[in-house]
Amino acid sequence: MGHKYVYQFSEGNGSMRELLGGKGANLAEMTSLGMPVPQGFTVTTEACTRYYEDGRAIAPEIQEEIFTYMGKLEEIAGKKFGDAGNPLLVSVRSGARASMPGMMDTILNLGLNDTVVEGLAKFTNNPRFAYDSYRRFIQMFSDVVMELSKKRFEEIIDDLKEKKGVKQDVELDTDDMKELVRRFKEFYKAEKGVDFPQEPKVQLMEAVQAVFRSWDNPRADVYRRMNEIPYDWGTAVNVQSMVFGNSGDNSGTGVAFTRNPATGEKALFGEYLINAQGEDVVAGVRTPSPISKLHEEMPEVYDQFASIANKLEQHYKDMQDMEFTIENGKLYMLQTRNGKRTAAAALKVAVDLVDEGMIDEKEAVLRVEPKQLDALLHPQFDPAALKKAAVIGKGLAASPGAACGRVVFTAEDAKAWHQRGEDVLLVRLETSPEDIEGMQVAQGILTVRGGMTSHAAVVARGMGTCCVSGCGEISVDYANKCFTLDGKTYYEGDWISIDGSTGNIYGEAVATVPADPSSGPFGRFMAWADQYRQLKVYTNADNPRDAKQAFDFGAQGIGLCRTEHMFFEGERIKAIREMIVADNVDDRKKALAKIMPYQQGDFEGIYEAMEGQPVVIRFLDPPLHEFLPTKEEDIQEIAKEMGITADKLHTVIESLHEFNPMMGHRGCRLAVSFPEIAEMQTAAVINAALAVQKKHPDWTMVPEIMIPLVGEVKEFKFVKDVVVATADRLIAESGVDMKYEVGTMIEIPRAALTADEIAKEAQFFSFGTNDLTQMTFGFSRDDAGKFLSYYYDTKIYESDPFAHLDANGVGRLVEMAAKLGRTTRPDIHLGICGEHGGDPTSVEFCHKVGLNYVSCSPFRVPIARLAAAQAAIKHPR
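No experiment lies behind these values; they were computed from the predicted model shown.

Peer 1: Would you mind going over the overall build of the protein chain with me for this structure?
Peer 2: Broken down by element type, the protein chain carries 35 helices and 33 strands. Its C-alpha radius of gyration of 32 Å places the protein chain within 12% of the 29 Å reference for a compact globule of 877 residues. By the burial criterion, 56% of the 877 residues in the protein chain qualify as buried. Nonlocal contacts in the protein chain, meaning residues at least 24 apart in sequence, comprise 68% of its contacts between residues at least 6 apart. A total of about 36500 Å² of accessible surface is found on the protein chain, and carbon and sulfur atoms cover 51% of it. With 97 positive and 129 negative side-chain charges, the protein chain shows a spacing of 2 Å between the two charge centroids.

Peer 1: Quick question: what am I supposed to make of a negative patch on the surface here?
Peer 2: Taken together, the side chains of Glu 632, Glu 633, Glu 637 and Glu 641 define an acidic patch exposed on the protein surface. Relative to the assigned elements, Glu 632 resides in helix α24 (residues 632-642).

Peer 1: Would you mind showing me how to read the packing of aromatic side chains here?
Peer 2: When we look at a pair of aromatic rings, we describe it by the centre distance and by the angle of the planes. All told, the structure shown has 27 aromatic pairs when counted by the stated rule. With a centroid separation of 5.1 Å and an interplanar angle of 80 degrees, the aromatic rings of Tyr 51 and Tyr 52 are classed as edge-to-face. Like Tyr 51, the residue Tyr 52 is buried in the burial classification. With centroids separated by 5.3 Å and ring planes inclined at 70 degrees, the aromatic side chains of Phe 553 and Phe 859 adopt a geometry described as edge-to-face.

Peer 1: What should I look at first to understand the nonpolar core in this one?
Peer 2: Nonpolar side chains in soluble globular proteins tend to end up buried together. Among the nonpolar cores identified, the biggest contains 129 residues, and Tyr 607 and Ile 707 are the most heavily contacted of them. Looking at this core, the element that brings in the most residues is helix α27 (residues 675-695), giving eleven residues. In this structure, Tyr 607 is in contact with Gly 612, Val 615, Ile 617, Val 685, Ala 688, Ala 689, Val 692, Trp 699, Met 701 and Pro 703, ignoring residues within four places of it in sequence. Grouped together as the second largest cluster of nonpolar side chains are 71 residues, Ala 130, Leu 172, Phe 184 and Val 208 included.

Peer 1: I tried to follow unusual backbone geometry on my own but got confused; where do I start?
Peer 2: The phi angle of most residues is negative, glycine excepted, and most peptide bonds adopt the trans form. The phi dihedral of Glu 147 is positive, around 60 degrees, even though this residue is not glycine. Assignment of secondary structure puts Glu 147 in the loop between α5 (127-145) and α6 (150-164). Unusually for a residue other than glycine, Asp 486 sits at a positive phi of about 55 degrees. Inspection of the secondary structure puts Asp 486 in the loop between β21 (482-485) and β22 (488-491).

Peer 1: Looking at this model, I keep getting lost on the packing of helix α20 (residues 522-532) against helix α35 (residues 861-874). Mind explaining?
Peer 2: A pair of packed helices is captured by two measures, namely the crossing angle of their axes and the spacing between those axes. Across the interface, α20 lies against α35 with an axial gap of 8 Å and an inter-helix angle of 50 degrees. Considering the angle they form, α20 stands oblique to α35. The crossing of α20 and α35 is left-handed. For the pair formed by α20 and α35, the contact residues are Phe 522, Phe 525, Met 526, Ala 529, Asp 530 and Tyr 532 on the first element and Pro 862, Arg 865, Leu 866, Ala 869, Ala 872 and Ile 873 on the second. Here the contact of α20 with α35 is built from residues that sort into ten nonpolar, no polar and two charged.

Peer 1: What exactly am I supposed to notice about the pattern of salt bridges here?
Peer 2: For side chains of opposite charge, pairing can occur when their charged atoms come near one another. This structure, assessed with the given rule, holds 59 salt bridges. In this structure, Glu 676 engages Arg 588 in a salt bridge whose closest nitrogen and oxygen atoms are separated by 2.6 Å. Here Glu 676, found in helix α27, pairs with Arg 588, found in helix α23 (residues 585-610); they are 88 residues apart in sequence, far enough to count as distant. Since its relative accessible area comes to 7%, Glu 676 is described here as buried. Between Arg 666 and Asp 771 there is a salt bridge whose closest N-O contact spans 2.7 Å. Of the two residues, Arg 666 sits in the loop between α25 (646-656) and α26 (668-673) while Asp 771 sits in helix α31 (residues 769-777), which places them 105 residues apart along the sequence. Across the pair, exposure class does not vary: Arg 666 and Asp 771 are buried alike. Each of Asp 159, Lys 163, Glu 179, Arg 182, Arg 183 and Glu 186 takes part in a single network of salt bridges with overlapping partners.

Peer 1: Would you take a moment to explain the side chain of Thr 31 for this structure?
Peer 2: With respect to the helices and strands, the residue Thr 31 is situated in helix α1 (residues 17-32). For Thr 31, a relative accessible area of 18% translates into the label buried. Apart from residues lying up to four places away in sequence, Thr 31 is in contact with Phe 9, Ser 10, Val 37 and Gln 39.

Peer 1: Explain the sheet that holds strand β20 (residues 475-477) to me, please; I cannot follow it from the model alone.
Peer 2: Overall, antiparallel pairing links the three strands, which are arranged β20-β21-β22 in an open sheet. Two strands close off the open sheet at either side, each with one partner strand: β20 and β22. Taken over all neighbouring pairs, the strand axes of this sheet differ in orientation by 20 degrees on average, direction set aside. Relative to β21, β20 is paired through three bridges, and the arrangement is antiparallel.

Peer 1: Is there a simple way to think about the environment of Ala 262 in this case?
Peer 2: Its place among the elements puts Ala 262 in the loop between β8 (252-257) and β9 (269-274). Ala 262 gets classed as partly exposed once you look at its relative accessible area, which sits at 42%. A C-alpha to C-alpha distance of 23 Å links Ala 262 and Ala 867, two positions 605 residues apart in sequence. Discounting residues that sit within four places of it in the chain, Ala 262 has contacts with Thr 342, Ala 344 and Ala 345.

Peer 1: Where do I start with helix α12 (residues 299-316) in this structure?
Peer 2: Count 3.6 residues to each turn of an α-helix, and residues three or four apart come out pointing the same way. For α12, built from 18 residues, the straight-helix expectation of 26 Å at 1.5 Å per residue is met to within 8% by its first-to-last C-alpha distance of 26 Å. For α12, the secondary structure elements touched by its buried residues are α1, β8, α11 (294-297), β11 (320-327) and β12 (330-338).

Peer 1: So what exactly am I meant to see when it comes to the pairing of β12 here?
Peer 2: The side chains of a regular strand alternate, residue by residue, between the two faces of the sheet. Where β11 lies against β12, eight bridges are found, and the strand directions are antiparallel. Among the inter-strand pairings, Asp 321 is bridged to a residue of β12, identified as Arg 337. The turn joining β11 and β12, which pair antiparallel and follow one another in sequence, is formed by two residues; a positive phi near 45 degrees is taken by Asn 328.

Peer 1: Help me understand the sheet that holds strand β30 (residues 741-746) in this model?
Peer 2: As summarised here, the arrangement of the eight strands in space is β26-β27-β28-β29-β30-β31-β32-β33, forming a closed barrel in which the pairing is parallel. Strand-to-strand twist across the sheet, computed as the mean angle between neighbouring axes with direction ignored, equals 25 degrees. Relative to strand β33 (residues 853-856), strand β26 (residues 536-540) runs parallel, the two sharing four bridges. Paired with Thr 539 across the strands is Cys 856, a residue of β33. With respect to the sheet, helix α28 (residues 713-734) is in contact with β29 (704-707) and β30, its orientation differing from that of β30 by roughly 150 degrees.

Peer 1: Just checking my understanding: could you explain the layout of surface pockets for this structure?
Peer 2: Gaps between atoms show up when a probe of the same size as a water molecule is rolled over them. Space inside the second largest pocket adds up to approximately 440 Å³. What lines the second largest pocket is a set of 27 residues, among which Pro 379, Ala 442, Gln 443, Gly 464 and Thr 465 lie closest to the centre. When residues of the lining of the second largest pocket are traced back to their parent elements, those giving at least two are β16 (402-408), α18 (436-441), α19 (455-463) and α21 (544-552). Taken together, the residues of the lining of the second largest pocket break down into 15 nonpolar, nine polar and three charged.

Peer 1: Please clarify how empty space enclosed by the protein should be interpreted in this entry.
Peer 2: Using the criterion set out here, one finds three cavities of 30 Å³ or more in the structure. There is about 70 Å³ of room inside the second largest cavity. Forming the boundary of the second largest cavity are Phe 619, Leu 620, Gly 667, Cys 668, Leu 670, Ala 671, Ile 677, Ala 678, Gln 681, Ile 707, Pro 708 and Val 719. Among the elements of the structure, α26 and α27 are those that each provide at least two residues to the lining of the second largest cavity. Per-class residue counts for the lining of the second largest cavity are ten nonpolar, two polar and no charged.

Peer 1: Honestly, the packing of helix α2 (residues 45-53) against helix α8 (residues 200-214) in this entry has me stumped. Any pointers?
Peer 2: One can describe the packing of α2 onto α8 by two numbers: an axis separation of 10 Å at closest approach and a directional angle of 80 degrees. With respect to their mutual orientation, α2 and α8 come out roughly perpendicular. In this structure, α2 contributes Ala 47, Cys 48, Tyr 51 and Tyr 52 to the contact, and α8 contributes Gln 209, Phe 212 and Arg 213. Looking at the contact of α2 with α8 residue by residue, the classes come out as five nonpolar, one polar and one charged.

Definitions and cut-offs
- Residues numbered from 1 in each chain as written.
- Predicted model: local features only at pLDDT ≥ 70, side-chain atom pairs only at ≥ 80, totals over all residues.
- Heavy atoms only, no water.
- Helix = DSSP H or I, 4+ residues; strand = E, 2+ residues; numbered from the N terminus.
- Rg over C-alpha atoms; globule rule 2.2 N^0.38 Å.
- Buried < 20%, exposed > 50% of the residue type's maximum accessible area, 1.4 Å probe, protein only.
- Contact = heavy atoms within 4.5 Å.
- Areas by Shrake-Rupley, 256 points an atom, 1.4 Å probe, with all protein chains shown as cover.
- Lys, Arg positive; Asp, Glu negative; His and termini not counted.
- Charge placed at Lys NZ, Arg CZ, Asp CG, Glu CD.
- Patch = residues over 30% accessible without salt bridge, like charges linked within 9 Å, V, L, I, M, F, W, Y side chains within 5 Å.
- Salt bridge = Lys/Arg side-chain N within 4 Å of Asp/Glu carboxyl O.
- Phe/Tyr/Trp six-rings, centres within 6.5 Å; stacked < 30°, edge-to-face > 60°.
- Core = buried A, V, L, I, M, F, W, Y, C linked by side-chain atoms within 4.5 Å.
- Axes fitted to C-alpha atoms, helices over the stretch in contact; angles between N-to-C directions.
- Parallel < 35°, antiparallel > 145°, perpendicular 65-115°, else oblique.
- Left-handed = near helix turned anticlockwise from the far one by under 90°.
- Nonpolar A, V, L, I, M, F, W, Y, C, P; charged D, E, K, R; others polar.
- Pairing = 2+ DSSP bridges.
- Expected span 1.5 Å × (residues − 1).
- 1 Å grid on protein atoms, 1.4 Å probe; cavity = no way out; pocket = protein on both sides within 12 Å on 5 of 7 lines; lining within 4 Å.
- Points joined across faces, edges and corners; volume = space filled by probe spheres on them.

As C-alpha cells, then:
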C-alpha cells in the first residue's frame, strides 16, 4: 500500500482540515456525530500538490485509488456507478482549508449518460426528474469543467420557454427536458468538436482535474495574495453520493445560518426551494421561501433540522452556515462551516457566545478578523439602494468605505464646490501632494492610475476617506471636465458613487448610511482586546484633526508626525520656496523664521489633541524639489510673486533635479547641508511643548524628535548636536525642567546593520518599513506595480511586500536592529511607523520580535489594537 490519497467520510474528522480541506473535514465530523450525511470520499490536498508536481496530471495510482473508493461507496449506497438498473450518481465539489471565492463550482448528478438516464427514469418512476437532472449535469459539466459559456445554456432554456409560452422552469414537462438534453449535447459538440462524454469514469476524472485546475485560476490567485493563503496548501475534492431535492413536491434544498449573518441575531436564518437542486437557490432563478415557512410545510423535517443546527453550533462553538437537501421527506446535511458574517454580526456573535457561556473572552477576541473592523468605522452603502444600482466599472479597493458625490476634476474645484455645500467626488489620473486640500473635502477619490500603495491610496487611508484607485478603463478629459467609462460620458457635477471596500464604481447616486462604531458591542469587545495586548498602538498623524480622530479610536500616542505635510498650504509654501531659492545662510534663516510660528502652532494643536501622550515628530524628509512648481505657467507666476526672474527660478529647479530623488538629497542629508532647518524645527517643537506644558501643568510633556534617513552614527550625531544646542538653550531660558528625546528612523539597511553604534546616540528607533522595504528589495515603490504582477503570476512572490511586511528579508533587518540597539541601550524604545503598522500579519511580526509599539493611520488604530491582542494570545511573550 503506497501513500494514502483518498479518505472515506467515515475515516476522517474535523481536525484534518489541512489534508481534507474545510468541507471534507466538516463532512467527516458530521458523519462521526451521527448526522444524516450522504456518504462519499475526499481526495486530499496532497493529491492536488502532486497534480502540479507531475506537470498538471493525475498519477495512475491516484486514479486507481479513486476508483477503489468509488467501489466502497457503491457498497454503502447499494447502487452502482454507471449502471442503468440502479444507478449511483455523485456530486463533485472543491474544498480548500480556507473557503475561497473563485474556486470551482459544484457539479451535481455526475454519472448520468444516455442509458443511465433512462434507467433512473424507470427506477424512480419519474422521467421528468431524470431528464431534468441530466440537462443540469450537462450544463454544469460544460460550464465548470469544459469552460463553455453558461449564458448560452440559459439562452437555450429561455428560447424553449418562449416557444411554449411559459415563465418558470418548473412548467417545462418531460418532453421539454428531453429536448433540452438534445440541444445541450448539440451545442457541446458544436463547441468542442466531440460528443459529450458518456463514460462515467471519464466524467469523474475530468471533474477532479477541473477542481485541481481551479486552484490556480486568476481570481483564486488574487484572493490568496490579499488574504495571505499559501499557494502550496492546495485544494481537496469531495465526491458525495447524490440526494435529489428535485424529485417532486416532497423534496427541496436550502441554505441556512444558525444566526443572522448580517446582524448576528440568534435565530435560524435562511431560505429553501421546493422541488429544486442546490444551484437554484444561489442562482436566484426562482424566489425561495424563508426557512420559517418550512415549519408549516414539513414540521418534522423542520424540527429535525433545527435540532441539528443547534447541535452543530454547540459542537463548533460558532455560527454555522449549512446546506441541506430534503429527498422525499427525508433530511440530508450536505455541508456545514463557520459562517461568513458582517463586521457588526461578528462582534455581536463573539460577545453573545461569551454571555451564553460557550467561549471565553480570549477565544472571542480571536473570533473577529481585524480587517473586518474597517467596515464599522466608515460609511457603508444602504443595502437596499445598492441592490438597484448598476456597476459601471471596477478599480482597486484602495481605502474602505462608501462615497457618493458630484464629479470634480481638480483640487481647486473640489474646494469651491465643497464651500457651496456640495458633496464632491474627486476624479484624477493620479494624485500628488498638491491635491491634498481637494482630497480632504472630497467624499471619495477615484484615480485612473496607481496601486494599493499609490499616493491617493495611502493618503486616503490616512484620512479615512474612501478611495478606488487604478481604474484603467476610465479615460479622463481634464480640458472638457469629463470622463468616459463603460461607453458613457460623465461631466463635472454628475453624481457617481464608489465603494472603497470592493472597488466598484456606480454611475449614479447610491444612498449611504453613516458609521457608528461606538454603538453595540464594539466598546466591550475592544476592551477585551486591550486587556490582552502587549504592544502599544500609536498613530501617524500630521494635523490636530487626524490626531483627535486617532485618539478617539484609542491611539496611545503619535508614532509619526510628518512635518513636511504642513508646508503645502498658502503662506507656508511661499516661505519654504524663499528658503530654497536663498543662496546664503542669512536669507535662509529669514525665510525659516516666517515658517517657525506656523510649525509651532501646528505642534501645539497636535499636543493638545493627544492630551499629553507621547508624540514623535519627524524632521523634514522629502527632497526640496517637491516644494517647487513643475508647470511653466506656475513657474512664471511664482517667480513674479517672489520678485525674482523666471530664469533664476528655472536655474534653482534644474540644480535640484535628481536622477533618483528617492535616494537623493533628502531626510537628514538636508539638515547636514542646512543645519538651520533643524534649528528652526527644534525651536518649533520645544516652544510648542513648553507652551502646552504651561497650560496643562498635570501633563508630562516629553517631546520626541526623530531624525529621518540616518545611515551612519556620525551623521546622526551631527544633526543631534544641532538639536540639543537649540533645545537646551530654550529649556534653560524657560526655567521649566522639561525632558526630551532624540531618536531616529531605521529605514536604510546600513542603519539596521550598525544599529548598536547608532543606539549609543539615539534614544529610540522607529522602523520606517516603507523605505526599508524599498531599499532592501531595491524596488521603487511607485514603479514596482508595473512589474510585480509578473512575479505573482510566476509565484516568485506571493504577496505585495509593501502591503505585508517581508518577514524573511526586511523582517530580519528589523529583528537585527532591535537586538543590536538593545545591547547598547537596554531601555531603547522601538516602534514601527510604516504602512505595515496597520497590517495584521505585520503587527503579529512586531509582537514576536518584541517591539514596544506599532503606529498606523488613524482609521487602522482599532484594527492594530485587535491584531496586537490576537498576536499576544497566540504567541505569549
